[in-house]
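Commentary on secondary and tertiary structure
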Amino acid sequence: MFPRLEPLGTDPHLLMRAGSDGGICDAAATLDLGAGGDDAEEAAGWPFFGQLLAHDTTADRSPLMGGVETDALRNSRSPRLNLEMLYADGPIGSPYMFDVNDPAKFLLSPDGYDVPRNPQGVALIGDPRNDVHIFTLSLHVALLHAHNRIVDHLRAAHVVSEEDVFEKARITLTWHYQWIVVHDFLPRLVGPALIDEVLEDGGKWFNPEPMNAFIPLEYADAAYRYGHGQIRHAYHLVEGGPELPLFPDLVGFGPLPVDHRLDLAQIFDVPGRPPAQRAKRLDGRLAASLIGLPERITGAVDESAYRSLAVRDLLRGDTTGLPSGEQVAQLLGVPPLTEDTWAGGTPLWFYILKESEHLGNGDRLGPVGGRIVAEVLIGLLRADPASYLSLEPDWQPILPAAGHTFGLTDLLIPAGSR
């Protein structure tokens, strides 16, 4: 995204100390498990929705530590917000995900709370990363239900032939999802003024031509990893239930236990229900469960520090040669931070988290992080010739909404199930 800026090149051992247990990225050193002193303004589910967007647009299979030239990196996902992680190759190419008696609909577990799985418990879904923990799994299941409800709606309205009902339902769900990204998710994350500017004027630093979109390294390996800093220390799955850390208690990659079913109103604000749990404030520190990831997530590692997601984020930015946060701020014409910065330059990922703390009250991304995320996500939609923003930029959702405007909770939690 900023190809003329020089790589920062921080000593990897310094990065590992900063991101390891007891380092400056470890929130456990300043806050006890379950305490609510670092609650943010937005609900706890938004970073998990953001994680689905990442799975939908990016899949980097390259090594964590060196050995790969940046121009040789390949994204295993198409850089589009097209629900590829949900639909994969559709009923013809991925028939194991669909109901053999009604191929226009997704197959779910018998009780409807889980995805279909093979005899060894492996999820039969478009992206196995959506099974990493209960929250991404629950959002994935909710989207499967949304598709199936749209199929029922189209059939009842007799507006499309049976031959075309799956494709029409796919487009309908995808456009609602894209609209939510632009009008519900992004305004909460970067502020509505920046979204209005990028929609009106286009991206200043990322504006790919149709069919030529790509994922900038500054986005994939720094700015869009902001969500790691929003993970709470612990969560209630149901009202009055116990507080559980994300890892290892809520790790996925297996059938969903009955006692781990999630009430989505615990992580999203739903009309008529009490306020949901809040996301953690962005402040450069990660919850303890992310500083010591379980082996089921990281795989076998040679160095214990690699179990820290903060270490992995810091090293990833160094491996791909990202510039410092200060360099990017200067290029954007933004006064660089003077607090909590590093001598010689601050790693871009950490800089963006600290920028959020000091300039966004821990609730929103600051001018560097917000600019990168807003321009990339809107730029990807504009470069996709099948997106609503390309075909019908004034399109409005057609599904019912509980309030004045359609939002994510209207898609995930229909009024009849609240």
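This text gives an overview of the structure that appears in the document. (Residues numbered from 1 in each chain as written. Predicted model: local features only at pLDDT ≥ 70, side-chain atom pairs only at ≥ 80, totals over all residues. Heavy atoms only, no water.)

**Structural notes on the nonpolar core**
Formed by 125 residues in total, the largest nonpolar core has its most connected members in Phe 49, Phe 135, Phe 185 and Leu 377. Once residues within four sequence positions are removed from consideration, Phe 185 is found in contact with Trp 46, Phe 49, Gly 50, Leu 53, Ile 180, Tyr 224, Tyr 226 and Leu 377. (Core = buried A, V, L, I, M, F, W, Y, C linked by side-chain atoms within 4.5 Å. Buried < 20%, exposed > 50% of the residue type's maximum accessible area, 1.4 Å probe, protein only. Contact = heavy atoms within 4.5 Å.)

**Examining the environment of Asp 184**
Along the chain, the position of Asp 184 falls in helix 6 (residues 165–190). Separated by 107 residues in the primary sequence, Asp 184 and Ile 291 have C-alpha atoms spaced 30 Å apart. If sequence neighbours within four positions are ignored, Asp 184 has contacts with Trp 46, Trp 179, Gly 407 and Leu 408. A distance of 2.8 Å separates a polar atom in the side chain of Asp 184 from a polar atom in the side chain of Arg 188. Side-chain polar atoms of Asp 184 contact the backbone nitrogen of Leu 408, separated by 2.9 Å. (Helix = DSSP H or I, 4+ residues; strand = E, 2+ residues; numbered from the N terminus. Polar contact = N/O pair within 3.5 Å; in protein donor to acceptor, adjacent residues only side chain to side chain.)

**Examining the packing of helix 2 (residues 46–57) against helix 5 (residues 134–157)**
Interaxial distance between helix 2 and helix 5 falls to 9 Å at its minimum, and their mutual angle equals 70°. The orientation of helix 2 relative to helix 5 falls into the category roughly perpendicular. For the pair helix 2 and helix 5, contact is made by Phe 48, Phe 49, Gln 51 and Leu 52 and by Phe 135, Thr 136, Leu 139, His 140 and Leu 143, respectively. Within the contact of helix 2 with helix 5, the residues separate by chemical class into 6 nonpolar, 3 polar and no charged. (Axes fitted to C-alpha atoms, helices over the stretch in contact; angles between N-to-C directions. Parallel < 35°, antiparallel > 145°, perpendicular 65-115°, else oblique. Nonpolar A, V, L, I, M, F, W, Y, C, P; charged D, E, K, R; others polar.)

**Quick word on helix 2**
The end-to-end C-alpha distance of helix 2, which contains 12 residues, comes to 17 Å, matching closely the 16 Å that a straight helix rising 1.5 Å per residue would cover. When you tally the buried positions in helix 2, you get 11 out of 12 residues, the bulk of the element. Along helix 2, the positions that sit buried rather than exposed are Trp 46, Pro 47, Phe 48, Phe 49, Gly 50, Leu 52, Leu 53, Ala 54, His 55, Asp 56 and Thr 57. (Expected span 1.5 Å × (residues − 1).)

**A short note on the pattern of salt bridges**
Tallied over the full model, the rule gives 25 salt bridges. When the shortest N-O distance is used, the salt bridge between Asp 114 and Arg 117 registers 2.9 Å. As a salt-bridge pair, Asp 283 and Lys 280 come within 2.8 Å of each other at their nearest N and O atoms. Given the relative accessible area of 5%, Asp 283 is considered buried. What you see here is one network of salt bridges that share partners, running through Glu 197, Lys 204, Arg 371 and Glu 375. (Salt bridge = Lys/Arg side-chain N within 4 Å of Asp/Glu carboxyl O.)

**Considerations on unusual backbone geometry**
The peptide bond linking Phe 247 to Pro 248 adopts the cis configuration, its omega dihedral lying at 5°. Tracing the backbone shows Pro 248 in the loop between helix 8 (217–220) and strand 4 (278–280). Here Leu 83, not a glycine, exhibits a phi torsion of approximately 60°, which is positive. For Leu 83, the position within the fold is in the loop between helix 2 and helix 3 (84–87). Although it is not a glycine, Ala 88 adopts a positive phi angle of roughly 50°. Here Ala 88 shows up in the loop between helix 3 and helix 4 (90–93). Using a relative accessible area of 30% as the deciding quantity, one classes Ala 88 as partly exposed.

**Structural notes on helix 7 (residues 192–201)**
Among all positions in helix 7, only Leu 194, Ile 195 and Val 198 are buried. Taken around the axis of helix 7, the buried residues stretch over an arc of 100°, which confines them to a single face. Away from its buried face, by an angle of more than 90 degrees, helix 7 presents the exposed residues Ala 193, Asp 196, Glu 200 and Asp 201. Gly 202, located one to two residues past helix 7, shows a positive phi value of around 80°. (Arc of directions from axis to C-beta.)

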